[in-house]
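# Reading the structure
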Amino acid sequence: MVDSFEKIPVKIFTTPKDGSEFAAREIGKLIRSKESKGEKCVLGLATGSTPISLYASLVRLHQEEGLSFKNVVTFNLDEYYPIEPEALQSYHNFMQRNLFSKVDIDPANINIPDGRVAKDKIKEYCQQYEQKIEAAGGIDLQVLGIGNNGHIGFNEPGSSRYSKTRLVTLDNSTRVANAREFQNISHVPRMAITMGISTIMNAKRIILMAWGLKANIVQKSVEGHVTEHIPASILQQHNDCTFIIDELAATELTRFKSPWLTGEITWTPQTIRKAVVHMALKLKKPVLSLTTNDYIDSGLGDLLTEFGDGYEINLQVYYQLRDSITGWPGGKPNAVIPNHPERSEPYPNLLSASR
Ligand code: F6R
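### Looking at the nonpolar core
- Ranked by internal contacts, the top residues of the largest apolar core, which has 81 residues, are Leu54, Leu58, Leu99, Leu235, Phe243 and Ile245.
- Look past the residues within four positions of Ile245 in its chain and what remains in contact with it is Val10, Lys11, Ile12, Phe13, Ala210, Trp211, Val218, Ala250 and Leu253.
- By size, the runner-up hydrophobic cluster in this structure holds 17 residues, among which are Val276, Val287, Tyr295 and Leu303.

Have a look at this one:
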């Protein structure tokens, strides 16, 4: 863990496939160790696009390495409400397609909230779901994805830390995100049955996976304050929770975005430019107006110690930026002066360089 910034252990993998393979192996180890003790392994499972590659890896472990699911009991996080289990978009259907029909799990050991329960019976049904989890000995390992608004399960922002399995109303942003599975947004159910945050927090171990464009919410959940406005941030209070993410989902973490804040870094013209541009954008000031105090307040005191005058650094960065302005963004073939004003080679993309 990069201390003081990341408050949840984060493992970063090159691709979602690598991260999923790692998670699948962790789950496989747990299933086998429980099996060797003659115990059931209770898994909490998620749906959505994130765990598809995890389930593919688990199926492969079953087919190629003999991983058996005979001693596995599962509890899914959530299900749309109302929905028929046979509906293409139901999480029953999703789990059958992606995992259950491809492994040797006993159907009697599968638990997914039922999207058909009559509304006046839901409270009782949800209490029974909680009791069933308890009777199974609690969840040994809970798999989670994360919504762009920080939801876990369908616990939308504002959900209580003490919430249990219940009927919830979906955020509009969640319905928009999930509309891809339906004909159009009007077909996305407005409600869902979901395990609560306390149900999730009671799991002995938690693995949250996030790929691609989830960098912002991953950063807020891992580095921000614990708040019910970002339900995933509450996971900071769990004693065995790991985030498994890919490189893209890691880009907003301080260790990548502002590595100079996490300890000593080797200053190169590129890292200096990145740090100074980052500071200027944050302070909403032109580069040439940055003062010594701005450097110190922005955690860039080291840069001053190493290179002296802030004004001189401002100038050097300004020259670098100025020289990147050209009417030939793709580089000018056969340019006489290779660096200025028209370069013979394209300049590195400033946006990605300032990340
Ligand atoms: C699904 C679930 C949700 C999803 C989240 C991310 O069972 O509980 O919290 O994990 O909405 O969805 P994807 O993976 O589709 O981005």
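### What to know about the packing of helix 9 (residues 269-283) against helix 12 (residues 310-322)
- Close contact between helix 9 and helix 12 brings their axes to 10 Å; oriented N to C, the two are set at 100 degrees. Relative to helix 12, helix 9 is oriented roughly perpendicular. Each of Pro269, Ile272, Arg273, Val276 and Val277 in helix 9 lies in contact with helix 12, whose residues at this interface are Ile313, Val317, Gln320 and Leu321.
- The class makeup of the residues in the contact of helix 9 with helix 12 is seven nonpolar, one polar and one charged.

### Brief notes about the pattern of salt bridges
- All chains considered together, the criterion is met by 16 salt bridges.
- Glu21 is the partner of Arg60 in a salt bridge, and the nearest nitrogen-oxygen pair spans 2.5 Å. With Arg60 in helix 2 (residues 52-65) and Glu21 in helix 1 (residues 16-36), the pair connects residues that are 39 residues apart, well separated along the chain.
- The exposure class of Arg60 is partly exposed, given its relative accessible area of 24%.
- Residue classification places Glu21 among the partly exposed residues on the basis of a relative accessible area of 21%.

### Considering the packing of aromatic side chains
- With the rule as written, the count across this model stands at 10 aromatic pairs.
- Feature note: the residues Tyr80, Tyr91, Phe154 and Phe182 constitute an aromatic cluster, connected by ring pairs.

### A short note on the site of the ligand
- The local shell around the ligand holds 14 residues, among which Thr47, Thr50, Asp78, His151 and Gly153 are the closest.
- Separating an oxygen atom of the ligand from a side-chain N or O atom of Asp78 is a distance of 2.7 Å.
- Its free accessible area being 410 Å², the ligand has 93% of it covered by the protein chains.
- Split into classes, the residues belonging to the shell around the ligand amount to three nonpolar, eight polar and three charged.

### A word on helix 9
- For helix 9, built from 15 residues, the straight-helix expectation of 21 Å at 1.5 Å per residue is met to within 8% by its first-to-last C-alpha distance of 21 Å.
- Listed in full, the buried residues belonging to helix 9 are Ile272, Arg273, Lys274, Ala275, Val276, Val277, His278, Met279 and Ala280.

### Things to note about the domain arrangement of the protein
- The assigned domain composition of the protein is domain 1 (2-253) and domain 2 (255-353).
- Using C-alpha coordinates to define each centre, domain 1 is positioned 42 Å away from domain 2.
- Listed per partner, the contact involves nine residues of domain 1 and five residues of domain 2.
- Put simply, domain 1 and domain 2 have two salt bridges between them.
- Of the charged contacts, one joins Glu252 and Lys257 as a salt bridge, the two residues approaching to 3.3 Å between their closest N and O atoms.
- Applying the counting rule to domain 1 against domain 2 returns five residue pairs in polar contact (both at pLDDT 80 or more).
- Residue classes in the side of domain 1 that touches domain 2 are distributed as six nonpolar, one polar and two charged.

Rules and cut-offs
Residues numbered from 1 in each chain as written. Predicted model: local features only at pLDDT ≥ 70, side-chain atom pairs only at ≥ 80, totals over all residues. Heavy atoms only, no water. Core = buried A, V, L, I, M, F, W, Y, C linked by side-chain atoms within 4.5 Å. Buried < 20%, exposed > 50% of the residue type's maximum accessible area, 1.4 Å probe, protein only. Contact = heavy atoms within 4.5 Å. Axes fitted to C-alpha atoms, helices over the stretch in contact; angles between N-to-C directions. Helix = DSSP H or I, 4+ residues; strand = E, 2+ residues; numbered from the N terminus. Parallel < 35°, antiparallel > 145°, perpendicular 65-115°, else oblique. Nonpolar A, V, L, I, M, F, W, Y, C, P; charged D, E, K, R; others polar. Salt bridge = Lys/Arg side-chain N within 4 Å of Asp/Glu carboxyl O. Phe/Tyr/Trp six-rings, centres within 6.5 Å; stacked < 30°, edge-to-face > 60°. Near = heavy atom within 4 Å. Polar contact = N/O pair within 3.5 Å; in protein donor to acceptor, adjacent residues only side chain to side chain. Areas by Shrake-Rupley, 256 points an atom, 1.4 Å probe, with all protein chains shown as cover. Expected span 1.5 Å × (residues − 1). Domains from an automatic or database assignment.

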